[in-house]
Amino acid sequence: MNFVIFVIAMAALIWGADLLVRESERVALKFNISEFIIGATLIALGTSLPEMAASIAASADGKPQIAIANVIGSNILNITLVLGTIFLISKTINPDRDFFAKDSTWSIVPVFVFILMIFDGTVSRFDAILLLLLMAAYVMFLLREARGLITAEIEEIQEELEEENQKGFLWTKSLPMILLGLILIIGGASFTIDSASAIARDFGISEWIIGIIMISLGTSLPELVVSISASVKGKVDMAIGNIIGSNMANTTIVLGAAALTNPMQINITDYLFDISTMLVATLMLVFLTANKLYTKPAGISLFIILGLFLDHTISAMAL
């Protein structure tokens, strides 16, 4: 029964996040807010809402292992599973954007900062503020770097939403949808954490394992769906950018919000393999973008890291 509740709660969490982002985009366009601002904030951060809701709920409930494991697992899966899948299913990948110079190098900074923070065994509220400031710096970089530029992806989203707005924007429709999205996110996150903890108890496994596999896999589904859909349509820039932006948001906003809610304790030696895997995966992302190795062999290499990660986690479950 707990597993059924977990699946339903996770579905509600993801659906609520999608609903909230969609309606927020419509409201933003109603007030003529910059298309790039919509893309750089709502769309880029929208797919990280499930991770944020789940981690905040876990932290508030006194389950820091689930909160931190969710972020680490999501970052690993985004790079190995999602990016690896993109490389394998795409025929040719020639992104217009230089992701190494403009994006991927940013993704390694919060990982190093996070590792430094947990040497004392705590992610404090002061640490949380520093992480949020790091994300603010990245958003400022994006806004400055993209001044006057609007990507094809954002233009397409804008046109689609403007067509809907032309049919008649109604607050009586958007506000209830936004509220419904918030309710689904909050309720879904709460039930996800409670049911995940119950599953851990039923099977005698740690909450860390539940967080790093079940919850992180579920909360990574938006990134997987968005990135694969973009790749199939030939929008590889959007797909790769979504992964980089999502990981940046996970390590800064998600962890920061969770630690602000309740400072989190973590023993770095207990989870050294998982933290090291996140670091290796992020370094692989930087290496691949630096050398423009957007190929199927690169995808296989990422899946090898994923295989090692899953093998270690499954072995830990058996202990």
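Owing to the predicted nature of the structure, the values given are computational and were not obtained by experimental measurement.

*Asks:* I'd love a proper account of the overall build of the protein, names of residues and values included.
*Replies:* What the protein contains, in helices and strands, is 13 helices and two strands. A total of about 14400 Å² of accessible surface is found on the protein, and carbon and sulfur atoms cover 68% of it.

*Asks:* If you had to explain the nonpolar core to someone new, which residues and values would you point to?
*Replies:* I68, I72, F114, W208, I215, M264 and I275 are the most contacted members of the largest nonpolar core, which totals 48 residues. Non-local contacts of I72, meaning those with residues more than four positions away in its chain, are made with F114, W208, I212, D274, I275 and M278.

*Asks:* Report on a nonpolar patch on the surface, specifying residues and quantitative values.
*Replies:* The grouping of L88, I89, V232, F273, I300, I304 and L308 at the surface amounts to a nonpolar patch, some 650 Å² of accessible area in total. With three residues, helix α13 (residues 296-318) is the largest single contributor of residues to the nonpolar patch. When its relative accessible area of 34% is taken as the criterion, F273 is described as partly exposed.

*Asks:* Help me get a handle on unusual backbone geometry, residues and values and all.
*Replies:* Its identity as a non-glycine residue notwithstanding, K292 has a phi of 55°, on the positive side. Turning to its location among the elements, K292 is positioned in the loop between α12 (272-290) and α13.

*Asks:* Residue-level account of the side chain of T85, with values.
*Replies:* Positionally, T85 belongs in helix α4 (residues 64-89). A polar contact of 2.5 Å, which involves the side chain of T85, links it to the backbone oxygen of L81. Each residue touching T85, except ones within four places of it in the same chain, is listed here: T80, I228 and F303.

*Asks:* So what's going on with the pattern of salt bridges? Residues and values would help.
*Replies:* Under the defined criterion, the tally for this structure stands at one salt bridge. K63 is the salt-bridge partner of D61, the closest N and O atoms lying 2.6 Å from each other. A relative accessible area of 37% places D61 in the partly exposed class.

*Asks:* Explain the packing of aromatic side chains to me, using residue names and the numbers behind them.
*Replies:* The description of an aromatic ring pair rests on the distance of the ring centres and on the angle between the ring planes. On inspection of all chains with the given rule, the structure shows five aromatic pairs. Between the aromatic rings of W106 and F141, the centroid separation amounts to 5.5 Å while the plane-to-plane angle is 35°, which identifies the pairing as tilted. A residue pair is termed long-range when its members are at least 10 positions apart, and W106 in helix α5 (residues 99-117) and F141 in helix α6 (residues 125-145) qualify at 35 residues. By relative accessible area, which is 23% here, F141 ends up partly exposed. In this structure an aromatic cluster arises from ring pairing among W106, Y138 and F141.

*Asks:* Residue-level account of helix α3 (residues 49-60), with values.
*Replies:* Given a rise of 1.5 Å per residue, 12 residues ought to cover 16 Å, and the 16 Å separating the end C-alpha atoms of α3 matches this to within 8%. Counting buried residues in α3 gives nine out of 12 residues, a clear majority hidden from the surface. Inspection of α3 places L49, P50, E51, A53, A54, S55, A57, A58 and S59 among the buried residues, and these make up the whole buried set. G62 sits one or two residues past α3 and shows a positive phi near 75°.

*Asks:* Provide a residue-level description of α4, including the pertinent values.
*Replies:* For α4, which comprises 26 residues, the first-to-last C-alpha distance of 36 Å matches the rise-based estimate of 38 Å (1.5 Å per residue) to within 8%. Where α4 bends most, the angle comes to about 35°, and this point is L77. The buried fraction of α4 amounts to 21 of the 26 residues, a majority that puts the element mostly inside the structure.

*Asks:* Kindly report on the packing of α4 against helix α9 (residues 207-219), identifying the contributing residues and their values.
*Replies:* Contact pair α4 / α9: the axes reach a minimum separation of 7 Å and the direction vectors enclose 50°. Accordingly, the angle class assigned to the pair α4 and α9 is oblique. Like other packed secondary-structure pairs, α4 and α9 cross with a definite hand, here right-handed. Residues Q65, I66, I68, A69, N70, I72, G73, S74, L77 and L81 of α4 form the contact with α9, whose own contacting residues are E207, W208, G211, I212, I215, S216, L217 and T219. Counted by class, the contact of α4 with α9 contains 10 nonpolar, seven polar and one charged residues.

*Asks:* Lay out the side chain of T289 with the relevant residues and their values.
*Replies:* Summarising the element assignment, T289 is placed in helix α12. Of note is the side chain of T289, whose polar atom sits 2.9 Å from the backbone oxygen of L285. For T289, the side chain forms a polar contact with the main-chain oxygen of V286, separated by 3.0 Å.

*Asks:* Which residues make up the environment of A11, and what are the values?
*Replies:* Counting through the fold element by element, A11 comes out in helix α1 (residues 2-30). The exposure class assigned to A11 is partly exposed, which follows from its relative accessible area of 45%.

Cut-offs used in this document
- Residues numbered from 1 in each chain as written.
- Predicted model: local features only at pLDDT ≥ 70, side-chain atom pairs only at ≥ 80, totals over all residues.
- Heavy atoms only, no water.
- Helix = DSSP H or I, 4+ residues; strand = E, 2+ residues; numbered from the N terminus.
- Areas by Shrake-Rupley, 256 points an atom, 1.4 Å probe, with all protein chains shown as cover.
- Core = buried A, V, L, I, M, F, W, Y, C linked by side-chain atoms within 4.5 Å.
- Buried < 20%, exposed > 50% of the residue type's maximum accessible area, 1.4 Å probe, protein only.
- Contact = heavy atoms within 4.5 Å.
- Patch = residues over 30% accessible without salt bridge, like charges linked within 9 Å, V, L, I, M, F, W, Y side chains within 5 Å.
- Salt bridge = Lys/Arg side-chain N within 4 Å of Asp/Glu carboxyl O.
- Polar contact = N/O pair within 3.5 Å; in protein donor to acceptor, adjacent residues only side chain to side chain.
- Phe/Tyr/Trp six-rings, centres within 6.5 Å; stacked < 30°, edge-to-face > 60°.
- Expected span 1.5 Å × (residues − 1).
- Bend = angle between axes of the 7 residues up to and from the residue.
- Axes fitted to C-alpha atoms, helices over the stretch in contact; angles between N-to-C directions.
- Parallel < 35°, antiparallel > 145°, perpendicular 65-115°, else oblique.
- Left-handed = near helix turned anticlockwise from the far one by under 90°.
- Nonpolar A, V, L, I, M, F, W, Y, C, P; charged D, E, K, R; others polar.

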